[in-house]
Amino acid sequence: MSATDTAEPSTEIDAPSDFIREQIRADLADGTTRQVITRFPPEPNGYLHLGHALSICLNFGAAGEFGGFCNLRFDDTNPTKEEIEFIEAIQRDVTWLGFSWPGEPKFASDNFQQLYDWAEHLIIQGKAYIDDLSPEEIREYRGTLTEPGKPSPWRDRPTEENLDLFRRMKAGEFPDGARVLRAKIDMASGNINLRDPILYRILRATHPRTGDDWCIYPTYDFAHGQCDAIEGVTHSLCTLEFADHRPLYDWLIEQLPVPATPRQYEFAKLLISHTVLSKRRLTRLVTEGHVRGWDDPRMATLSGLRRRGVPAEALRSFVAKLSVSKNEGEVEMAMLEHAIRENLNQAAERRMAVLRPLKVVITNYPEGESETLEAINHPNDPEAGTRQVPFSREIWVERDDFMEDPPRKFFRLGPGREVRLRFAYFITCQDVIKDDAGEVVALHCTYDPATKGGDAPDGRKVKGTIHWVSAADALDAEVRLYNPLYTRADPGAEGDFVDDINPDSLEILTDCKLEPSLAEMAADAPVQFERTGYFIPDPDGTPDAPVYNRTVALRDSWAKAKGKG
RNA sequence: UGGGGCGUAGCCAAGUGGUAAGGCAGCGGGUUUUGAUCCCGCGAUCGCAGGUUCGAUCCCUGCCGCCCCAGCCA
């Protein structure tokens with residue numbers, strides 16, 4: 001090395017930066033940390049949702065960026081709530097989001113024996129005791145936010161007696177709730193978590209992994225930090241509500257002969273307007289039948305979003321736009337929708353589909369004939385190529401693209417009006433056919449053969465271009481449109497959130513007409529139905545009876561202008 | 001009236017002593033065989049009040065507001 005060496009080039013142009021990553025950078029720089037190890041620690045008592053996506057991207061993302069790794073660790077210390085189904089779904093969702101962990105997933109329950117041994121260690125050190133108080137008494141003795149607690153009469157039990165009792169708790173000699181193991185810290189602390197927190201409780205429930213091996217289980221506080229230490233986690237990232245637990249986290253790490261010294265850092269959880277991101281509420285939506293299941297496309301679960309057609313990449317870019325902070329704000333749903341549209345705009349090929357069909361007969365087009373027209377698959381990406389679209393005398397167009405008495409700036413079909421059929425011809429509406437009830441049932445139009453492909457040789461312009469599907473060649477499909485699940489931006493702000501559920505959140509259209517090439521598209525390929533939105537096939541569909549989910553509608557400045565009156 | 005955390009445009013968010021990045025939304029304009037995409041333009045006395053300083057969003061003091069904690073949940 002010489003003085004002429006140039007300075008370190010600044011790489012990582014687009015690398016995210018936030019207070020967590022700054023901390024990691026500093027720890028790496030001063031040698032506090034050699035290799036970054038993080039963990040994503042879900043409790044398997046529900047499905048992962050958008051809020052978890054932030055934590056997943058942070059934990060796996062930051063570790064990866066700095067050459068470390070992130071464990072997937074199930075925080076399974078409460079067998080009364082946890083299930084195998086959730087363990088499997090969570091792994092599926094994390095993988096789908098695009099992340100992987102080294103080896104097998106970790107479980108807090110892998111360490112039950114070690115945690116138990118450490119609990120005995122604490123007892124022997126005189127730092128923990130068995131309390132015989134009932135749950136109600138413990139609450140009373142704990143004091144309140146403004147009044148200090150008072151010591152349990154069992155607080156100064158002899159070490160030998162504590163040890164004996166703890167072993168007998170483990171052996172199953174006492175009923176559930178009869179006794180607990182508590183840390184002996186400070187009953188007068190302003191931080192209630194330090195008022196002799198409970199470390200172990202008696203719980204006779206079959207654990208999804210350890211079965212009936214144990215009848216005592218460690219609490220979150222006793223398990224989390226110690227598992228971090230066992231795994232060599234350097235940066236234990238969690239949400240703000242755990243900041244009050246940090247002194248306890250540190251206290252336990254200090255008291256026990258753990259193999260490492262993990263540090264906890266807290267960040268604000270993600271909140272999004274017009275939706276609900278809490279496991280308790282999501283669980284209610286499922287169990288009370290407000291939605292069709294955990295993967296209902298209206299759910300803010302990762303499974304629901306996946307089924308709805310939201311690409312994992314869009315979720316990652318959404319999270320990247322947010323950054324990580326300690327500010328407890330609420331992100332507007334529009335931000336998520338933007339990330340989805342931005343991603344799908346480049347990822348999805350275009351096709352034509354008529355959702356609410358209206359028959360158009362092209363009266364001057366020869367009966368019984370048809371032809372094939374070339375359509376581009378992606379206007380911004382020539383590489384996506386072209387496809388052939390059949391055209392014939394009878395076609396379907398969108399009902400919304402016709403108005404019998406159109407306002408001034410309506411550029412679509414109306415009596416006597418000429419529009420362009422995308423990739424096809426100019427047509428002019430000559431007659432409006434109605435049934436006895438006065439309902440418009442068909443349009444009679446004429447086409448201009450000279451405008452084939454969509455351009456008029458005489459330079460004539462049309463203001464509107466509409467999509468269409470040849471009636472004889474159309475594929476029938478069901479299309480599910482999703483509207484916001486709630487009627488307000490802050491569901492539950494006044495009363496029960498289920499009362500804010502939008503009764504029209506799911507709209508099923510059963511007579512949709514798709515262009516035939518859609519039959520050839522992959523089942524997991526996102527597609528844009530031109531002028532309508534982004535869609536994805538739903539697993540409920542079959543080749544003969546396809547079903548599509550609308551992921552998100554296209555932006556619609558016409559609807560907006562119209563709405564303003 | 002205990003402890004912890006947070007306050008920068010409608011929303012998210014950089015900046016941490018030298019005179020306010022960026023994204024979303026909104027509004028206006030341009031391009032366009034999707035009223036899509038794309039492109040251009042427009043918004044802030046940095047919660048309030050004092051103080052230190054040549055100079056403060058950034059330091060100090062005092063207020064105000066919001067969130068979290070009294071599960072043998074995590």
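Quick notes on the rules
- Residues numbered from 1 in each chain as written.
- Chains lettered and ligands numbered in written order.
- Predicted model: local features only at pLDDT ≥ 70, side-chain atom pairs only at ≥ 80, totals over all residues.
- Heavy atoms only, no water.
- Domains from an automatic or database assignment.
- Contact = heavy atoms within 4.5 Å.
- Buried area = accessible area lost by both parts, 1.4 Å probe.
- Polar contact = N/O pair within 3.5 Å; in protein donor to acceptor, adjacent residues only side chain to side chain.
- Helix = DSSP H or I, 4+ residues; strand = E, 2+ residues; numbered from the N terminus.
- Nonpolar A, V, L, I, M, F, W, Y, C, P; charged D, E, K, R; others polar.
- Buried < 20%, exposed > 50% of the residue type's maximum accessible area, 1.4 Å probe, protein only.
- Pairing = 2+ DSSP bridges.
- Right-handed = clockwise from strand over helix to strand, strands pointing away.
- Expected span 1.5 Å × (residues − 1).
- Salt bridge = Lys/Arg side-chain N within 4 Å of Asp/Glu carboxyl O.
- Axes fitted to C-alpha atoms, helices over the stretch in contact; angles between N-to-C directions.
- Parallel < 35°, antiparallel > 145°, perpendicular 65-115°, else oblique.
- Left-handed = near helix turned anticlockwise from the far one by under 90°.
- Near = heavy atom within 4 Å.

Trainee: An account of the domain arrangement of chain A is needed here, citing residue identities and associated values.
Mentor: In terms of domains, chain A is made up of domain 1 (19–106 + 222–333), domain 2 (112–220) and domain 3 (353–467). Taken over C-alpha atoms, the centre of domain 1 sits 27 Å from the centre of domain 2. Each partner contributes residues to the interface: domain 1 has 28 residues there, and domain 2 has 28 residues. Across the domain 1 to domain 2 interface the summed buried area is about 2400 Å²; carbon plus sulfur atoms make up 72%. Sorting the residues of domain 1 by area buried against domain 2 places Pro79, Phe222 and Trp251 first, and these three jointly supply 29% of that buried surface. Counting across the interface, domain 1 meets domain 2 through 10 residue pairs in polar contact (both at pLDDT 80 or more). Mapped by element, the contributors of at least two residues to the side of domain 1 that touches domain 2 are helix H3 (84–97), helix H7 (220–231) and helix H8 (246–255). Ranked by residue count, the leading element in the side of domain 1 that touches domain 2 is H7, at 6 residues. Tallied by class, the residues present in the side of domain 1 that touches domain 2 amount to 16 nonpolar, 7 polar and 5 charged.

Trainee: Could you give me a rundown of the pairing of strand E1 (residues 37–40), with the residues and numbers involved?
Mentor: Covered by surrounding structure in E1 are Ile37 and Arg39 together with Thr38 and Phe40, the residues of both alternating faces. Pairing geometry for E1 and strand E2 (residues 69–74), over 4 bridges, is parallel. In the strand pairing of E2, arginine 39 is matched with asparagine 71. One crossover worth recording links E1 to the parallel E2 by way of helix H2 (residues 50–65), and it is right-handed.

Trainee: Account for the sheet that holds strand E19 (residues 465–466), with residues named and values stated.
Mentor: One open sheet accounts for 7 strands, arranged E19-E16-E17-E18-E12-E15-E20; its pairing is mixed. Strands with a single pairing partner mark the edges of an open sheet, and in this sheet they are E19 and strand E20 (468–470).

Trainee: Go over H7 with me, naming the residues and quoting the values.
Mentor: Relative to the 16 Å expected for 12 residues at 1.5 Å per residue, H7 spans 16 Å between its end C-alpha atoms, a close match to the ideal helical length. Summarising burial for H7: 10 of the 12 residues are buried, a large majority. What H7 keeps buried is the set Asp221, Phe222, Ala223, His224, Gly225, Gln226, Cys227, Asp228, Ala229 and Glu231.

Trainee: Before we move on, could you go through the pattern of salt bridges and cite the residues and values that matter?
Mentor: Inspection of every chain in the model, using the stated rule, returns 47 salt bridges. Between arginine 73 and aspartate 228 there is a salt bridge; the shortest N-O distance is 2.8 Å. Of the two residues, arginine 73 sits in strand E2 while aspartate 228 sits in helix H7, which places them 155 residues apart along the sequence. Exposure class is identical for arginine 73 and aspartate 228. Each is buried. One salt bridge connects glutamate 507 with arginine 356, and the closest N-O pair in it is separated by 2.9 Å. Placement of the pair is glutamate 507 in strand E22 (residues 506–514) and arginine 356 in the loop between strand E11 (353–354) and strand E12 (357–362), with a sequence separation of 151 residues. Judged by relative accessible area, which is 31%, glutamate 507 ranks as partly exposed. Judged by its relative accessible area of 30%, arginine 356 is partly exposed. Linked by salt bridges that have partners in common, Asp295, Arg307, Glu478, Arg480, Asp538 and Asp540 make up one network.

Trainee: Help me get a handle on the packing of helix H11 (residues 312–322) against helix H12 (residues 333–347), residues and values and all.
Mentor: Packing of H11 against H12 brings their axes to within 9 Å, and their N-to-C directions diverge by 135 degrees. In terms of their interaxial angle, H11 and H12 are classed as oblique. Of the two possible hands of crossing, H11 and H12 adopt the one that is right-handed. Where H11 abuts H12, its residues Glu313, Ala314, Leu315, Ser317, Phe318, Lys321 and Leu322 lie against Met335, Leu336, His338, Ala339, Ile340, Glu342, Asn343 and Gln346. Of the residues that constitute the contact of H11 with H12, the class distribution is 8 nonpolar, 4 polar and 3 charged.

Trainee: Just give me the short version of the side chain of arginine 73, but keep the residues and values in it.
Mentor: For arginine 73, a relative accessible area of 0% translates into the label buried. At a separation of 3.4 Å, a polar atom in the side chain of arginine 73 contacts the side chain of histidine 224. A polar side-chain atom of arginine 73 sits 3.1 Å from a polar atom in the side chain of glutamate 231. If sequence neighbours within four positions are ignored, arginine 73 has contacts with Arg39, Phe40, Pro41, Pro42, Lys106, Phe107, Ala108, His224, Cys227, Asp228, Glu231 and Val233.

Trainee: Break down the protein's contact with RNA strand B for me, with residues and values.
Mentor: Of all residues adjacent to RNA strand B, which total 69 residues, the nearest are Arg350, Arg412, Arg422, Gly453 and Ser557. A breakdown of the atoms of RNA strand B within 4 Å of the protein gives sugar and phosphate a share of 63%. In the environment of RNA strand B, a base nitrogen lies 3.1 Å from a nitrogen or oxygen atom belonging to the backbone of glycine 190. For RNA strand B, a base nitrogen lies 2.9 Å from a polar atom in the backbone of lysine 409.

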